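Residue-level structural notes
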Amino acid sequence: MDAINIDKLTKYYGDLLAVDHISFEVRQGEFFGLLGPNGAGKTTTIRMLTGLLKPTSGTAHIMGIDVVKNPVDVKRQIGVISETANPYLEMSVWDNLMFAGSIHGMPKGRREEQAENLLKLLGIYERRDEKVENFSKGLRKRVTIAIALVHDPPLLFLDEPSAGLDVQSARMIREFLRKLNERGTTIFLTTHYIEEADVLCDRVGIIESGKLVALDSPENLKAANKQAKIVEVSFGSYMRKIEDELAQLPAVDMTKKRGDKIQLYTSDPSQIVQELSKFAEEKNLKIVSINTLTPTLEDAFVELTGFSSLDMERMEQIGRLKKWR
Amino acid sequence: MGRNITDNLRKAARIAWKDSKIYYFSAPTVMMGLFLPVLMFLTFWIGRELSVCEALPGLAALTAFFSGSSIGVTAIALERTKGTFDTQLAMPVSLLTIAFGKAIASFLYGFTITTIPVVVLVFLSQSRIVSPVLLLIGIAFSALASAGLGMALSATARHVHEAMTPLNVIRIPMMFISGLFTPITSLPSFLQGIAYLMPLTHTVSSLQYAILGQWSMETFLVNIGVLALYAVLFLMIAAKRLEKSLEKG
Ligand SMILES: Nc1ncnc2c1ncn2[C@@H]1O[C@H](COP(=O)(O)OP(=O)(O)OP(=O)(O)O)[C@@H](O)[C@H]1O
Ligand SMILES: [Mg+2]
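Heads up: these notes are all about the structure in this document. (Residues numbered from 1 in each chain as written. Chains lettered and ligands numbered in written order. Predicted model: local features only at pLDDT ≥ 70, side-chain atom pairs only at ≥ 80, totals over all residues. Heavy atoms only, no water.)

Attention now goes to the packing of aromatic side chains. Inspection of the entire model under this criterion finds eleven aromatic pairs over all chains. Ring centres 5.4 Å apart and planes at 20 degrees place the aromatic pair Phe32 of chain A and Phe188 of chain A in the stacked group. Taken together, the positions of Phe32 of chain A in strand β3 (residues 31-35) and Phe188 of chain A in strand β8 (residues 186-191) put the pair 156 residues apart, joining distant regions of the chain. The same class applies to Phe32 of chain A and to Phe188 of chain A, which are both buried. Their ring planes at 40 degrees and their centres at 5.6 Å tell us that Tyr209 of chain B and Phe220 of chain B sit as a pair that is tilted. Taken together, the positions of Tyr209 of chain B in helix α9 (residues 199-212) and Phe220 of chain B in helix α10 (residues 217-248) put the pair eleven residues apart, joining distant regions of the chain. With respect to burial, Tyr209 of chain B and Phe220 of chain B carry one shared label: buried. Three or more aromatic residues joined by ring pairs form one cluster here, namely Phe24, Phe32, Phe157 and Phe188 of chain A. Lys120 of chain A extends its terminal NZ or CZ atom over the ring of Tyr125 of chain A, reaching a point 4.8 Å from the ring centre. (Phe/Tyr/Trp six-rings, centres within 6.5 Å; stacked < 30°, edge-to-face > 60°. Helix = DSSP H or I, 4+ residues; strand = E, 2+ residues; numbered from the N terminus. Buried < 20%, exposed > 50% of the residue type's maximum accessible area, 1.4 Å probe, protein only. Lys NZ or Arg CZ within 6 Å of the ring centre and 35° of its normal.)

What follows deals with the site of ligand 1. Taken together, 16 residues surround ligand 1, and among them Asn38, Gly39, Lys42, Thr43 and Thr44 of chain A come closest. Near ligand 1, the surrounding residues belong to chains A and B. Asn38 of chain A is positioned such that a nitrogen or oxygen atom in its side chain is 2.7 Å from an oxygen atom of ligand 1. In the model, an oxygen atom of ligand 1 is placed 2.8 Å from a nitrogen or oxygen of the Lys42 of chain A main chain. About the coverage of ligand 1: the protein hides 78% of its 630 Å² of free accessible area. (Near = heavy atom within 4 Å. Polar contact = N/O pair within 3.5 Å; in protein donor to acceptor, adjacent residues only side chain to side chain. Areas by Shrake-Rupley, 256 points an atom, 1.4 Å probe, with all protein chains shown as cover.)

On the side of chain A, 29 residues touch chain B, which itself brings 27 residues to the contact. Sorting the residues of chain B by area buried against chain A places Asp86, Met91 and Pro92 of chain B first, and these three jointly supply 22% of that buried surface. Counting across the interface, chain B meets chain A through four salt bridges. Where Asp95 of chain A meets Lys21 of chain B, a salt bridge forms, and the shortest distance between an N and an O atom there is 3.8 Å. (Contact = heavy atoms within 4.5 Å. Buried area = accessible area lost by both parts, 1.4 Å probe. Salt bridge = Lys/Arg side-chain N within 4 Å of Asp/Glu carboxyl O.)

Looking now at the layout of surface pockets. Residue and element names in this part refer to chain B. Roughly 480 Å³ of internal volume is contained in the second largest pocket. At the level of secondary structure, the elements contributing two or more residues to the lining of the second largest pocket comprise α3 (52-82), α9 and α10. Here the lining of the second largest pocket is built from residues that sort into twelve nonpolar, twelve polar and two charged. (1 Å grid on protein atoms, 1.4 Å probe; cavity = no way out; pocket = protein on both sides within 12 Å on 5 of 7 lines; lining within 4 Å. Points joined across faces, edges and corners; volume = space filled by probe spheres on them. Nonpolar A, V, L, I, M, F, W, Y, C, P; charged D, E, K, R; others polar.)

All names here are of chain A. Across the six residues of strand β9 (residues 203-208), six count as buried, placing the element largely inside the fold. The side-chain alternation of β9 yields two buried faces, one formed by Arg203, Gly205 and Ile207 and the other by Val204, Ile206 and Glu208. Both β3 and β9 contribute to a ladder of four bridges, which runs parallel. The residue of β9 that forms the bridge with Phe32 is Arg203. As defined by bridge partners, β9 adjoins strand β10 (residues 211-216) across five bridges and the pair is classed as antiparallel. Within β10, the residue paired with Ile206 across the bridge is Ala214. Hairpin remark: β9 followed by β10, antiparallel, with two residues in the connecting loop; positive phi at Ser209, about 50 degrees. (Pairing = 2+ DSSP bridges.)

All names here are of chain B. Going through the model one piece at a time under the given rule, you end up with 27 salt bridges over all chains. Lys102 is paired through a salt bridge with Asp19; the nearest N and O atoms lie 2.7 Å apart. Of this pair, Lys102 sits in helix α5 (residues 95-125) while Asp19 sits in helix α1 (residues 2-24), and the two are 83 residues apart along the sequence. Like Asp19, Lys102 is buried.

Structure follows, in structure tokens:
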């Protein structure tokens, strides 16, 4: 049995097609990442999988249970850390966990034992009697994680777990998730941090405009992208005009500025090298360095979605300003 | 099946307990809750040739119908804005149970906030009321219907005002044709028809019977029946609308 089985899952918000007939499986024990730029449909997908949003069409099974027909049973099997979900700020950390545990039908003794373990692992046991409203964003995230895990679910969903956190909190949470996965918990997370998907996930699905455009291990995604090679060239100093002219060369698919270097995306590196030397000759430029690069996951991502990670960070900032709600 | 029901009741009780602690039984909310009806009572009482006892059904009806729903109506909307409603939705509990649990908290508050000033006033004025037991029953069913109304209106609201506005649009006109200020029989006949459909009318009528002995036991039973029916209906509507809200995201 797959941990997650999605078949032609689709969501329209009015006329807007947010998730477009996506299908895939996540195996038990897997660390799975859904990677995509802002507005790609990651949150919409994860909300449908966790019973917080009704799909327009298609089906999703979680541990073999239909999420639309049997949402309560699905929720027994999963922990959910959604982008906007918060603990009850007016209650203490401990009371939050006791409330969640009791809704999960756990006896008092088991609830307390599990809460103690989790809070110790997450480093907030000493502060368990404090109200959550006193906590910083990073600490609140840890409380949210503890609430989601109080019933020890076999499957954990996380929507952008490290968004908006400082480097240290983000690293702590990644480390925690890695350990959890090693102990057997299946993890499904969404992220727009390519790095995060690369270092954490066994397999990554890339989503763009509601469509699943690729799904494979980070290594295979990078390898599949080897077709699209990168040739990096430097003429000593960067000039916008030169980049624009290089973009016109027949073998160049796309260009990107990297410091004083220009990266040329191509399917035919040898052709590029010829074109480049001709170009340099004609323009009377001196090639200072020239390199062929192995693509990174980011390159695969850029190739598949047309977004760079810089674009994504910029959009993340804009996104934070204009939340549609 | 039986196990399932007790299981859901237990979860509803947990939710009611949590909501009571967070939203209802904090010192400022209780003080405000007690202050408002006393103020309403004084406005109602002063300048009229009424004994405390005669004014009591009005006071009790207004408090029972206004206190629980005023806070209850914010419960879901507020949790949506704070992001705690998603936390609740992620837990294994049906939407009806959530609505029911939240309604219980609203009911407990409405019942307490109404009963305390009524008992104090009866005691201070040495009034003789017809039946204290029926009075408590009347207050309880009124608070229940009012709690249900709050949930039904709150279910799809993303912000507090989205639920508060329709609540007042419903509650305030209801006040004037419920027999609270003028007897229903003196209203134009088409308003009388509407009046009998309003839950508040049945609150007023049942409390008038319990306190003053107006109308009859039969009317009282009909009043309680209608209030109970409204409570159930409102809860069903709340659960349906919560379900609907899962489509919008
Ligand atoms: N409740 C909603 N009503 C209407 N449109 C919505 C709603 N939620 C999301 N959308 C739209 O659906 C599309 C997908 O949004 P979604 O939030 O799933 O993207 P995302 O990949 O999670 O993006 P982000 O990185 O910003 O979190 C976007 O165009 C978004 O504006
Ligand atoms: Mg999102």
